[in-house]
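Survey of secondary and tertiary structure
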Amino acid sequence: MRIRIVDAFTDRPFSGNPAGVLLLESAAFPDAERLQEIATEVNLSETAFAHPLPPGGEADWALRWFTPATEVDMCGHATLATAHVLHTTGRATGTVRFTARCGILTSTARPDGSLTLDFPTAPLREETAPPGLAEALGAEPVSVHDTGEHIGDLLVELRDEATVRALAPDFAALVAHSRRGIIATAAAEDPALGYDFVSRGFFPGVGIDEDPVTGSAHTALAPFWSARFGRDDLTGLQASARSGLVRTALRGGRTLLTGTAVTVIDGELLTTF
């Protein structure tokens, strides 16, 4: 079985967020334990598994995502990576529909070579910063929002971009403060550089200390910053060591995430299910 490593939300190798992608030919997924073993072996922030569905249904492919430690409800960069593989291998054209834990998702190929994902918008709810969060994160929050069941993060607004970039969290202490992780964000210091806001994502609770570029987090970042800026179309920079850009478009209950991807490894999985 072929396995590919795809760098998502970037136009060049060794940047953005790498994801494992396995396209299965079966009509159903193998046992979750087996999928988890493969994802743990791949050891990237997510590995995506997809299998084709019969024609005429509400979706074309079934899709699941696993971190090295657990299965997750939603993952943007591994969905982008899967769609990229489907398009570059001729398995799909135009719009691809996926069914996943978080509902029906779509990916649409654009003329410039980018892909646009259609995801549910996160329902934000402002909260009081929990005790110990500032110490664990290493910065004082300006505001804190819960992001709902599918993401399960705390969205933490910080004073400025420099504060976000300088974070060096206590990952063990962060685990206590959300179901999945922490999204730290601030407005861009200089929007002329091509992005409106900056973020970093820390998810030690699911085996990822820092995620390079988190597509799902932008379903919360988009409504948060669109409300602040009064614009529905924005660009976010996730300022990890690998870095990546996510173009967001808020469409009410849906958020469109646009980016590009590059396949960097195309190999063979030498085991069976």
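What comes next is a walk through the structure. (Residues numbered from 1 in each chain as written. Predicted model: local features only at pLDDT ≥ 70, side-chain atom pairs only at ≥ 80, totals over all residues. Heavy atoms only, no water.)

Focus on the overall build of the protein chain
Helix and strand content of the protein chain: six helices and 18 strands. Against the compact-globule benchmark of 19 Å for 273 residues, the protein chain has a radius of gyration of 18 Å, which places it among compact chains. Counted over contacts in the protein chain with a minimum sequence separation of 6, partners at least 24 positions apart contribute 63%. When the accessible area of the protein chain is evaluated, it comes to approximately 11,300 Å², of which 52% is carbon and sulfur surface. (Helix = DSSP H or I, 4+ residues; strand = E, 2+ residues; numbered from the N terminus. Rg over C-alpha atoms; globule rule 2.2 N^0.38 Å. Contact = heavy atoms within 4.5 Å. Areas by Shrake-Rupley, 256 points an atom, 1.4 Å probe, with all protein chains shown as cover.)

Considering the pairing of strand β2 (residues 17–23)
Here β2 lies mainly inside the structure; seven of its seven residues are buried. Along β2, one buried face is formed by N17, A19, V21 and L23 and the opposite face, lined by P18, G20 and L22, is buried too. With five bridges connecting them, strand β1 (residues 2–8) and β2 associate as antiparallel partners. Along β2, the bridge assignment pairs A8 with N17. Bridge analysis of β2 against strand β3 (residues 46–52) gives five bridges, and the strand direction is parallel. Its bridge partner lying in β3, L23 is registered against A50. (Buried < 20%, exposed > 50% of the residue type's maximum accessible area, 1.4 Å probe, protein only. Pairing = 2+ DSSP bridges.)

Overview of the packing of aromatic side chains
Any pair of aromatic rings gets described here by the distance separating the centres and the angle formed by the planes. Taken as a whole and judged by the stated rule, the model has five aromatic pairs. Relative to F66, the ring of F49 has its centre 5.8 Å away and its plane inclined at 85 degrees; by these criteria the two rings are edge-to-face. Within this pair, whereas F49 is found in strand β3, its partner F66 is found in strand β4 (residues 61–66), the two being separated by 17 residues in sequence. Grouping residues by exposure puts F49 and F66 together as buried. Between F197 and W225, the ring centres sit 6.1 Å apart and the planes meet at 10 degrees, which makes this aromatic pair stacked. Of this pair, F197 sits in strand β13 (residues 197–203) while W225 sits in helix α6 (residues 218–229), and the two are 28 residues apart along the sequence. Each of the two residues, F197 as well as W225, counts as buried. (Phe/Tyr/Trp six-rings, centres within 6.5 Å; stacked < 30°, edge-to-face > 60°.)

Here we look at the side chain of H84
Mapped onto the elements, H84 comes out in helix α2 (residues 76–88). On the accessibility criterion, H84 (11% relative accessible area) is buried. In this structure H84 touches V6, L115, A261, V262 and T263, once residues within four positions along its chain are discounted.

Notes on the environment of E140
Tracing the backbone through its elements, the reader meets E140 in the loop between α3 (133–137) and β10 (143–146). Separated by eleven residues in the primary sequence, E140 and A129 place their C-alpha atoms 9.2 Å from one another. In this view, E140 contacts A134 and L158; residues no more than four positions away in its chain are not counted.

Brief notes about the nonpolar core
Membership of the largest hydrophobic core comes to 36 residues, with the highest contact counts inside it found for L23, W61, W65, L80, L86 and F98. Elements supplying a minimum of two residues to this core: β1, β2, β3, β4, α2, β6 (95–100) and β8 (115–120). Considering each element in turn, this core owes the most residues, six residues, to α2. Beyond its immediate stretch of four places on either side in the chain, W61 contacts L23, L24, A50, H51, P52, L53, L86, R91, V96, R97, F98 and T99. (Core = buried A, V, L, I, M, F, W, Y, C linked by side-chain atoms within 4.5 Å.)

A look at the pattern of salt bridges
For the coordinates displayed, the defined rule picks out 22 salt bridges. Of the charged contacts in the structure, one is a salt bridge between R64 and E71, with a shortest N-O distance of 2.8 Å. A network of salt bridges, in which partner residues are shared, links R64, E71, D73 and R101. (Salt bridge = Lys/Arg side-chain N within 4 Å of Asp/Glu carboxyl O.)

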